[in-house]
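# Close look at the chain arrangement
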Amino acid sequence: MTSTIIPSRITEAREARAKSMEELADSIGVTRQSISKYERGIIKPSPEMLQAISYSLGFPPDFFYKLEAKSNAGSSPLFFRSNSNIAKKVKTACRYQIKWTDEIKKQLEKYVDFVDRDLPTIDKNFEDLSFEDIEELALSIRKDWGINGDPVNDLIGLLENKGVIVTQFATNKLCAFKGIDAFSCWRDGTPYILYHSIQKSAVRTRFSILHELGHLIMHSSITEDDSVKKEIVDMADMQADRFAAAFLLPATSFPEDIRSTSLISLEMVKKKWGVALSTIIKRCETLELLTENQINYLKRQMTTKKYWHKEPLDDVLTVAEPEMIRDAIYLLIDNGIITKTAFINESGLSVDDLECICGLPEEFFDDFNKRKKPMLRLVKSV
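Here goes a summary of the coordinates provided. Given the structure is predicted, the values throughout are model-derived calculations rather than measurements. (Residues numbered from 1 in each chain as written. Predicted model: local features only at pLDDT ≥ 70, side-chain atom pairs only at ≥ 80, totals over all residues. Heavy atoms only, no water.)

Once that is clear, we can look at a negative patch on the surface. Together, Asp352, Glu362, Glu363 and Asp366 make up a negatively charged patch on the protein surface. The class of Asp366 is exposed, set by a relative accessible area of 53%. (Patch = residues over 30% accessible without salt bridge, like charges linked within 9 Å, V, L, I, M, F, W, Y side chains within 5 Å. Areas by Shrake-Rupley, 256 points an atom, 1.4 Å probe, with all protein chains shown as cover. Salt bridge = Lys/Arg side-chain N within 4 Å of Asp/Glu carboxyl O. Lys, Arg positive; Asp, Glu negative; His and termini not counted. Charge placed at Lys NZ, Arg CZ, Asp CG, Glu CD. Buried < 20%, exposed > 50% of the residue type's maximum accessible area, 1.4 Å probe, protein only.)

Listed below in structure tokens is the structure:
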């Protein structure tokens, strides 16, 4: 921290909440021009005005005094797992979520060693990748990671063990990130996957995370300029979908479980592999395990039973939450290396943002400044 306001932090706080200068100005009672001057460092906001900005955007005042960490390398473009168009301002807000997660990781790395990265990236031009190449890639990674043809039970644990930082991204009342399931990025040589599990089924969350893993592995060489071109985005998304399906339902073992064309039998397959019925049907079609008539029959049954949006077992199957960053924080606090107060102050983030990004329970910081009470001591009567 410094004793001087960092103008770029005002911009960051505003853009992280997907707000325009006009919207921030209206909320605190100043002009757009004043906000522009604050963010460019032309004028310094008064303590009262900084407090208003802090309150409006949901950041503690310390955030605006936090020095920018030095970056050792560049960042890759963000890739999104989404079924709808995403506004540019929301994409910008997502990039800050990656930035904060990276800053927290660097903050913790002063004291702990994280797992070494064991995630391959391909040298082949992604445009030259065939679906057969992607199938082989998924099987190769499965073999290297020691899971071969088995179902992946703890997906997030598997990725964390390979050095991928997986967290949930922090939603808030100012920016709900509507329509975004997950996004990913390389930053300073670390692969990040951020996902949103609220109101999403476990099977959809698992597929979204693996879709992002496919982006990290296959599309790390795509430039920022190319990442906004529709034809490139569409191709990359198709490839990431194929990778996710091939990784979840390997062609070497999954076909053995397709013994019937009834949805009831596929429910048992879903329970074993942790994959949506819709994905299982699509995979059967891709691998030509069923005839066209059988596939069409299953699709009609999905429509009749209204399973396309909510399937059986969606309320039963779960996803184990990320633990890597959370456990590092517990380790340091439990051993007296840092305090909760020091961690909050150094991060500069709100308690709500920290709890979500770090996977901490909602009540984790409730006692960080709680006053201790006297305790009754029992004594023997004479």
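Along the chain, Ser76 turns up in the loop between helix 4 (47–57) and strand 1 (79–82). The class for Ser76 is buried, based on a relative accessible area of 8%. Within the local environment of Ser76, its side chain forms a polar contact with the backbone nitrogen of Trp186, the two atoms lying 2.8 Å apart. If we ignore the near neighbours within four places in the chain, the residues touching Ser76 are Arg95, Cys185 and Trp186. (Helix = DSSP H or I, 4+ residues; strand = E, 2+ residues; numbered from the N terminus. Polar contact = N/O pair within 3.5 Å; in protein donor to acceptor, adjacent residues only side chain to side chain. Contact = heavy atoms within 4.5 Å.)

Taking 1.5 Å per residue as the helical rise, helix 12 (residues 292–304) with its 13 residues ought to reach 18 Å, and the 18 Å between its terminal C-alpha atoms agrees with that figure. By the burial criterion, the buried members of helix 12 are Ile295, Leu298 and Met302. The buried residues of helix 12 occupy an angular sector of 65° when projected down its axis, which confines them to one face. The exposed set on the far side of helix 12, more than 90 degrees from its buried face, consists of Glu292, Asn293, Thr303 and Thr304. Tucked inside the fold, the buried residues of helix 12 contact helix 10 (263–273) and helix 11 (277–286). Residue Lys306 follows helix 12 closely and has a positive phi angle near 60°. (Expected span 1.5 Å × (residues − 1). Arc of directions from axis to C-beta.)

Two faces make up the sheet, and in a regular strand the side chains alternate between them. Summarising burial for strand 3 (residues 180–187): eight of the eight residues are buried, a large majority. Of the strand pairs in this sheet, strand 3 and strand 4 (residues 190–195) are connected by six bridges, and their pairing is antiparallel. Across the sheet, Ser184 pairs through a bridge with Ile193, a residue of strand 4. What sits between the antiparallel neighbours strand 3 and strand 4 is a turn of two residues, in which Asp188 has the positive phi angle 50°. (Pairing = 2+ DSSP bridges.)

Here we take up the pattern of salt bridges. Pairing is possible between side chains of opposite charge, provided their charged atoms come close. For the structure shown, the criterion picks out 31 salt bridges. Taking the shortest distance from any N to any O, the salt bridge between Asp118 and Lys162 comes out at 3.7 Å. With Asp118 in the loop between helix 5 (88–108) and helix 6 (131–144) and Lys162 in the loop between helix 7 (155–161) and strand 2 (165–168), this residue pair connects regions lying 44 residues apart in the sequence. In this structure, Asp314 engages Lys270 in a salt bridge whose closest nitrogen and oxygen atoms are separated by 2.8 Å. Here Asp314, found in the loop between helix 12 and helix 13 (324–334), pairs with Lys270, found in helix 10; they are 44 residues apart in sequence, far enough to count as distant. Lys270 shares its class with Asp314; the two are buried.

Helix packing geometry: the angle between the two helix axes and the distance between the axes. At a minimum axis distance of 11 Å, the contact between helix 5 and helix 15 (residues 351–358) shows a crossing angle of 80°. In terms of axis orientation, helix 5 runs roughly perpendicular to helix 15. Facing Gln97, Trp100, Thr101 and Ile104 of helix 5, the residues of helix 15 in contact are Asp353, Leu354, Ile357 and Cys358. Residues that form the contact of helix 5 with helix 15 fall into these classes: five nonpolar, two polar and one charged. (Axes fitted to C-alpha atoms, helices over the stretch in contact; angles between N-to-C directions. Parallel < 35°, antiparallel > 145°, perpendicular 65-115°, else oblique. Nonpolar A, V, L, I, M, F, W, Y, C, P; charged D, E, K, R; others polar.)

A few words on the side chain of His196. Inspection of the secondary structure assignment puts His196 in the loop between strand 4 and helix 8 (202–218). Residue His196 is classed as buried on the basis of its relative accessible area, which comes to 12%.

Our next topic: the pairing of strand 2. Covered by surrounding structure in strand 2 are Ile165 and Thr167 together with Val166 and Gln168, the residues of both alternating faces. In the sheet, strand 2 pairs with strand 4 via four bridges, with the strands oriented parallel. Along strand 4, the bridge assignment pairs Gln168 with Tyr195.

Let us now look at the packing of aromatic side chains. Tallied over the entire structure, the rule returns eleven aromatic pairs. With a centroid separation of 6.5 Å and 85° between ring planes, the pair formed by Phe63 and Trp100 is classed as edge-to-face. Here Trp100 lies in helix 5 and Phe63 lies in the loop between helix 4 and strand 1, a separation of 37 residues in the sequence. Both residues of the pair, Phe63 and Trp100, count as buried. Centroid distance Phe364 to Phe365: 4.9 Å. Interplanar angle 85°. Geometry classified as edge-to-face. Residue Phe365 is classed as buried on the basis of its relative accessible area of 2%. (Phe/Tyr/Trp six-rings, centres within 6.5 Å; stacked < 30°, edge-to-face > 60°.)

This part takes up the packing of helix 1 (residues 7–16) against helix 5. Relative to each other, helix 1 and helix 5 sit at 120°, their axes nearing to 8 Å. As judged from the angle between their axes, helix 1 and helix 5 are oblique. The residues of helix 5 that touch helix 1, namely those facing Arg9, Thr11, Glu12, Glu15 and Ala16, are Lys89, Thr92, Ala93, Tyr96, Lys99, Trp100 and Glu103. Here the residues of the contact of helix 1 with helix 5 are counted per class, giving four nonpolar, two polar and six charged.

On their own, these measurements won't tell you what the molecule is for.
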